[in-house]
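Working through the structure, step by step
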Amino acid sequence: MFNVVVKKYGNPDSLIFEETKSQEINDDGVRIKVESAGVNFADLLIIKGRYQERPRPPFSPGLEVAGIITEVGKNVSSFEAGDRVMSIMKYGGYKTEIVVPKENTYHVPNQMNIIEAGGFPVIYGTAYSAIATKANLKKNEICVILGATGGVGIAAIEIAKAYGAVVVACGGNDNKLNACTEKGADFTINYTNKIIRKELKNLGIKEVDVVIDMVGGQATLDLVKSLSWNGRIIIVGFTSGSIPEIPVNRLLLKNAKADGLYWGELAYREPKEIKNDFEVLEKLFNENKLNPSVNKIFDLKDATKALTLLSDRKNIGKIVLKC
């Protein structure tokens, strides 16, 4: 088997592509011949040693894969050799073969191709947990998505629209925001050098019910001030690099709440909950309410190029490695 290895923390150009031995399977594991692996912003952080999960080198990055099961452990009855599956892990997905726990593995929907599946679990799983579980989004509520032009943001737009919400997509690039409109966003705001709450008022929106926040910084503070009674802001990440100090008096005055989502850890602590989420996501996919967008495909050996493109923030949609 081959994998992409971090020998020391650093930038994408420090990654090494090499051949290694296959991993032994345990009683509760499944062996997957990897066909595709999703590329995520967290991968950039983990290879720099700046992510919540900080494995010691050498290790492989990668949070999600899709492929074909070639072997199952003796305690596994829900899968068999030949099944098309997608799986999540804390790291280690940039490989041509992996062994993962059965509880973190899911069947690929019949109509989904294996390349799409490699980039599906993390962004759609995260977006669903934020919108449906944490925010409990209701029909006709106003949902603002901060960082809407990224992978989780695009998925969040689709899921929020599937739940009948009015969606305001916020990002810093007009071309990418056009893609958000194509995904179903009702309004878009380019927050570069703008105060979001003022832009909302220009759209005729005085208050918002739900904020899904991948950005942090000043944008978060703007939207806390725009929350409605019983409003909810769900903190997913800080791509701006700035962690805001939320004025909790604003939450008190609106009976609102701020909630955090560390989806990768949640998926390991609550695998049954995540399995149920993926069953709902499969239903939404089969109803054509979700349309995964793969923007770029790179060979596994070109992981450095894929991560550099992601780092430059030039992509719209998902980047996937073909293994």
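Structural notes, computed from the coordinates.

About the thresholds
Residues numbered from 1 in each chain as written. Predicted model: local features only at pLDDT ≥ 70, side-chain atom pairs only at ≥ 80, totals over all residues. Heavy atoms only, no water. Buried < 20%, exposed > 50% of the residue type's maximum accessible area, 1.4 Å probe, protein only. Helix = DSSP H or I, 4+ residues; strand = E, 2+ residues; numbered from the N terminus. Pairing = 2+ DSSP bridges. Right-handed = clockwise from strand over helix to strand, strands pointing away. Axes fitted to C-alpha atoms, helices over the stretch in contact; angles between N-to-C directions. Parallel < 35°, antiparallel > 145°, perpendicular 65-115°, else oblique. Contact = heavy atoms within 4.5 Å. Salt bridge = Lys/Arg side-chain N within 4 Å of Asp/Glu carboxyl O. Arc of directions from axis to C-beta. Polar contact = N/O pair within 3.5 Å; in protein donor to acceptor, adjacent residues only side chain to side chain.

**A short note on the pairing of strand S9 (residues 166-171)**
- For S9, the tally of buried residues reaches five of six residues, placing the bulk of the element in the interior.
- Bridge count between strand S8 (residues 142-146) and S9: five bridges; the pairing is parallel. If you follow Ile142 over to S9, its bridge partner there is Val166.
- Since S8 and S9 lie parallel, the crossover through helix H4 (residues 151-162) that links them has a hand, and here it is right-handed.

**Side note on the packing of helix H3 (residues 121-134) against helix H10 (residues 271-286)**
- Put simply, H3 and H10 touch, their axes get as near as 10 Å, and they point 100° apart. On the basis of the axis angle, H3 is roughly perpendicular to H10. Between H3 and H10, the contacting residues are Pro121, Tyr124, Gly125, Tyr128, Ser129 and Thr133 on the first element and Glu273, Ile274, Asp277, Phe278, Val280 and Leu281 on the second.

**Brief notes about the pattern of salt bridges**
- For the coordinates displayed, the defined rule picks out 19 salt bridges.
- Taking the shortest distance from any N to any O, the salt bridge between Lys161 and Asp186 comes out at 2.9 Å. With a gap of 25 residues between them, Lys161 in helix H4 and Asp186 in the loop between helix H5 (174-182) and strand S10 (187-190) connect regions that are remote in the sequence.
- By relative accessible area, which is 29% here, Lys161 ends up partly exposed.
- With a shortest N-O distance of 2.8 Å, Lys254 and Glu207 are connected by a salt bridge. Residue Lys254 is located in the loop between helix H8 (248-253) and strand S13 (257-260), and its partner Glu207 is located in the loop between helix H6 (196-202) and strand S11 (208-213); the two are separated by 47 residues in the primary sequence.
- By relative accessible area, which is 24% here, Lys254 ends up partly exposed.

**Here we look at H5**
- Those residues of H5 lying buried are Lys176, Leu177, Ala179 and Cys180. The buried residues of H5 occupy an angular sector of 150° when the element is viewed end-on, so they sit on one face. When the buried face of H5 is taken as reference, the exposed residues oriented beyond 90 degrees from it are Asn175 and Glu182.
- Along its buried surface, H5 packs onto H4, S9 and S10.
- Capping the start of H5 is the job of one residue whose side-chain oxygen sits 2.9 Å from the backbone nitrogen of Asn175: Asn173.
- Downstream of H5 by a residue or two, Gly184 has a phi angle that is positive, lying close to 120°.

**Thoughts on unusual backbone geometry**
- Residue Pro57 is joined to Pro58 through a cis peptide bond whose omega torsion reads 0°.
- Residue Asn255 is not a glycine yet carries a positive backbone phi of 50°.
- As for its position among the elements, Asn255 is in the loop between H8 and S13.
- Owing to a relative accessible area of 43%, Asn255 belongs among the partly exposed residues under this scheme.

**Observations regarding the environment of Lys206**
- Tracing the backbone through its elements, the reader meets Lys206 in the loop between H6 and S11.
- In this structure Lys206 comes out as exposed when scored by relative accessible area, which is 73%.
- Sequence-wise, Lys206 and Leu227 are 21 residues apart; in three dimensions their C-alpha atoms are separated by 8.8 Å.

**Observations regarding the environment of Ala155**
- The topology assignment puts Ala155 in helix H4.
- Along the sequence, Ala155 and Leu290 sit 135 residues apart, while their C-alpha atoms lie 7.8 Å from each other.
- Beyond its immediate sequence surroundings of up to four residues, Ala155 is in contact with Ile123, Tyr124 and Ala127.

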